[in-house]
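Read off the chains here:
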Amino acid sequence: MDITTLTVHELQEKLESKEITICQITKAYVERIEQKEKEVQAFVTTLCKEAQERAKQIEEKVENGQITSKFAGIPIGIKDNICTKGVKTTCSSKMLENFVAPYDATVVEKLKEENLISLGKLNMDEFAMGGSTEYSAFHVTRNPWNLSKVPGGSSGGSAAAVAANLVPWALGSDTGGSIRQPASFCGVVGLKPTYGLVSRYGLVAFASSLDQIGPITKDVEDAALLLNIITGHDEKDTTSENREKVDYTNCLKKEVKNLKIGIPKEFFGEGMNEQVKEKLQQAMQTYREMGAEVEEFSLDIANYSLATYYIIACAEASSNLGRYDGIRYGYRTKNFTNLKDLYRNSRSEAFGPEVKRRIILGTYVLSSGYYDAYYKKAQQVRTLVKKEFEKAFEKYDILLTPTSPSVAFEIGTKSNNPLEMYLADICTVSVNIAGLPGISIPCGVDSEGMPVGMQLIGPRFGEEVILNAAYAYEQKIKFREQYQAEFKGGVC
Amino acid sequence: MAKEDYEVVIGLEVHAELSTKTKIFCSCPTTFGAEPNTQVCPVCMAMPGALPVLNETVVEYAIKAGLATNCEIAGNCKNDRKNYFYPDLPKSYQISQFDKPLCEHGYVEIAVEEEQKKKIGITRIHIEEDAGKLNHNEFGGGSLVDLNRAGVPLIEIVSEPDMRSSKEAEAYLRKIKSILEYIEVSDCKMEEGSLRADVNVSVRRKGMQEYGTRTEMKNMNSFRSIIRAIEYEAERQIEVLEKGGTIEQETLRWDDVSGKTFSMRDKEDAQDYRYFPDPDLVAIRLSKEYIEKIQNNLPELPESRRVRYMQEFGLSKKDSNLLTASKYLSNLFEEAQSICHNAKAVANWLLSDVSRILNEKEIEADKIPFTAEHLAKMIMLIDKGTISSAIGKKVLEELFENPKDPEEIIKEKGWIQISDEGAIKEVVNRILEANPQSIADFKAGKDRALGFLVGQAMKETKGKANPQMLNKMFLEELNK
Amino acid sequence: MKVSKEEILHIAKLANLNLKEEEIDTYLLHLQDILNFANIVNNAPIEGLEESFGVNENQNVFRKDEIKVFENTEALLANAPEKERNMFKIPKVIQ
């Protein structure tokens, strides 16, 4: 038995029945990382030694009854924009290359309370800006299905690590699709929770009104389990919702009879890969066969959402990234004699081109004379998008769309035209604009064997509905039993 | 044209630090003067990932200030980010309020000349965070950033350009200071920077409708500099205009030593603050009930105290005004009078001798070292005839030096008034014996002689003899 | 809207970024491209719609005025590139 191929709920069963031990689990992952990480390069920081020590301590405490958590000793990987006390949090940026956070993010505190074991910090596009993890300042992470392809992004390290069995599950963050799109590219499950369900305290901000932390897992049940751990009201985040805690595994019932699924046809527009379209149509058919009502309808907000997304996200980012000034932490240029040079040279030398591009765009749309034309309008469009979704959810329980118009592409072939790149986010961003939950699950592979992702969107706090629908579908098609990442085309 | 043909127009932006226990967006203490960077946390140090949470007391205090200055309180407002780079601003944006301030459209009344009241409009009051402090390193050649003050809550009170002289500006600022002290939302210590003002000055020819171009002097923190700066700047502007020049809209630095304003160096960057709603903070929606509750619990303001002093205690308008100008003085008055039940005497003492000593010592009323009880007891001792008013003055001096129970003071110093008939009679006889000429004068109709004799007796008793009794007994003896 | 070279330089200055001569044209082109696309928002049917302020309906989320001291102040200063007497050191700033 290869421990690293198991899901977390399977690991829990085997721990319960004493088939395996906590130390064995960690050891298996450490060995897997030692073996495969050089091919995938999913991590920025690995904590192999620390994890094994921690496993020993936890195992002992579980044995003598000091710890009772069901998750005690389960390893996890954490995206490198989530603050971890005493361990570097780099955001895959030269700016924070050596930054050690003085505190734990709220989600990290929650992981620690449950005695999970961190295997390390996972690679990403710099400051979560990008969709291929090629914008990491350190290295490119590879797609475990085909090592010459990108894992998607920005949580590419998280998705690749889960797909490559380097971690059993991982935390990612999603501002415009950064959990769902890499999950789709890597054939795993990625859930972006409703805005406000998971605390953002300690998540290095990209766009505050859009960012949300969420799970990237091998299957839907694991997504529900990890969601159970990380949700909950946090008084340190005023946008965190004060709601009663829910056990998200209770909703997994394999039952979708009479579920009303809306298919917004505008999400299947031009630029959509034919094979992706085909897989999605098969998925719709599967849902029909399971007794769901699937209906196409018009939700004409995709383009507006995308434009709005780039205006709002960049505006917020331009302000959020002002704090990187080379004074209190982070990169400081050697080339300065006065304050102005300290600022400009530190920022210009340490931010990558995509980050700079977004800061410039964001600064522009907020600057005097343009605020009304862009930012203000975008916020009105945001209201429109919310209202349109609300209308849609009066008719349908969930919406089904592709996660991305394409499958994972070759490393280095990413467009030099940023706009073209941004257009690839068309299916995911509207979910963030409206603050809705969205999950991406695999629904097949294309002719080259690359996974295709399907996105299910729910109304606000509709996690249970989409988790159940995803679970029913997953149990029906049994993707994981048919397909596994094969590390095709290894690095020669 | 002469200087008299111009009118100066002044507007003030007053920044007051609120006296909350913690900062506006984090739970760090706000104590003044702590060791550098010891009252800090991930939030006020702008660590990546840290988030602000608004202190409810800040909202309450700002509403109090708004209500006390006749503002409308916005039911619906928000926090905005003001983006600019400066080393004392760790996030590179200040959380402030842009287009929806908490309070708007208020006014206060000032009186520059007796009886002449003037309304000064208040455009808005909003909440925001203070910046950190830059310390300059004389030896190392750099500057050092201390973030203890970063995130201390401020209200900014923006006036209309309604003031027409440095005197009016001073009266306005004193009024604002006094109100904030009365409602106990700021300690207003100008020397610690917890009350400071940006002063906008322009001039125009009298009778003109339009305002002239204004200049701004930032962060002024003493009445004296504000008055001097306004006067200097108005004169400078008039001079420029008289020479046919134009005023440039700019920020100036007031230099207290030379008594001049200087253009700030960095003019090349026209500021563009790119205000936008802070997505880390949620909307503020205040119910009518909430605002009413604050209104109902608002402490009595100087205006209403003034009226009450006139009605309840029969004090003159002038005295009531003077007493209520400072919260400390006014509180001292109320407390003392509630003990000794002699409002007029308390008012007289506070406004004459106490005020004189404060002036001599160049200190404000809040630095008075003795308590209301001390003052009241002293007045009661006079009323009972235990000491004379003359001794009272000496007791007061002593209270400033070494505040303690006046009864103890007079015992220690042996200042108790002699009211014993026998003892006084003895003194009277002794003085009469020594001054036969005065007796003769008195009998010859010269009333002045009586005064002389009483004076001699007071001298002999070092002021302790009861003057009424002396008078009475001398008359009895002389008329025998 | 057409973005000029002067404008992009002004924006870069506001954002405290240097743009190298050879970068300016690329950034200009990209910005122009994205803005042209972003102009879609001006055609959206948004008449009469309020501006969104975040996505959730939360309001009046306040904190009690109670002191909580952050113990690990040392870690707060540990990342500083240069410090002196427990303060962050920067080039001399004339105020």
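Data block above holds the structure.
Definitions and cut-offs
- Residues numbered from 1 in each chain as written.
- Chains lettered and ligands numbered in written order.
- Predicted model: local features only at pLDDT ≥ 70, side-chain atom pairs only at ≥ 80, totals over all residues.
- Helix = DSSP H or I, 4+ residues; strand = E, 2+ residues; numbered from the N terminus.
- Rg over C-alpha atoms; globule rule 2.2 N^0.38 Å.
- Buried ≥ 20, exposed ≤ 12 C-beta atoms within 10 Å, placed from the backbone.
- Contact = placed C-beta atoms within 7 Å.
- Expected span 1.5 Å × (residues − 1).
- Arc of directions from axis to C-beta.
- Nonpolar A, V, L, I, M, F, W, Y, C, P; charged D, E, K, R; others polar.
- Pairing = 2+ DSSP bridges.
- Right-handed = clockwise from strand over helix to strand, strands pointing away.

Caption draft 1: Structural detail: the overall build of chain B. When helices and strands are counted, chain B shows 15 helices and 17 strands. Relative to the globule expectation of 23 Å for 480 residues, the C-alpha radius of gyration of chain B, 30 Å, shows a markedly less compact shape. Reported as C-alpha extents along the three principal axes, the dimensions of chain B are approximately 95 × 55 × 55 Å. Relative to its full complement of 480 residues, chain B shows a buried share of 44%. A separation threshold of at least 6 residues defines the contact pool for chain B, and within that pool the share at least 24 residues apart is 69%.

Caption draft 2: Focus on helix 5 (residues 302-313) of chain B. Residues and elements named next belong to chain B. With 12 residues, helix 5 should cover 16 Å at 1.5 Å per step; its first-to-last C-alpha distance of 15 Å lies within 8% of that length. Within helix 5, the full set of buried residues consists of P302, R305, R306 and Y309. Each buried residue of helix 5 lies within a common arc of 105 degrees when the element is viewed along its axis, so the set occupies one face. Seen from the buried face of helix 5, the exposed residues on the opposite side, beyond 90 degrees, are S304, Q311 and E312.

Caption draft 3: A look at the interface of chain A and chain C. Listed as interface residues are 55 residues of chain A and, on the opposing side, 40 residues of chain C. Among the secondary structure elements, those contributing two or more residues to the side of chain A that touches chain C are helix 9 (302-320), helix 10 (339-350), helix 11 (353-366), helix 12 (372-395) and helix 13 (418-423) of chain A. The biggest single contributor to the side of chain A that touches chain C is helix 12 of chain A, with 12 residues. For the side of chain A that touches chain C, a count of residues per class yields 26 nonpolar, 18 polar and 11 charged.

Caption draft 4: Structural context of the pairing of strand 14 (residues 250-255) of chain B. Residue and element names in this part refer to chain B. Strand direction decides the pairing type here: strand 13 (residues 215-220) and strand 14, joined by three bridges, are parallel. The residue bridging E216 from the neighbouring strand is T251, located in strand 14. The parallel pair strand 13 and strand 14, bridged by helix 3 (residues 223-242), forms a crossover whose chirality is left-handed. In terms of strand pairing, strand 14 meets strand 15 (residues 260-263) through four bridges, oriented antiparallel. Looking at strand 15, one finds that W254 is bridged to T261. In textbook terms, the turn of a hairpin is the stretch between consecutive antiparallel strands, and for strand 14 and strand 15 this stretch comprises four residues, one of which, G259, has a positive phi near 70 degrees.

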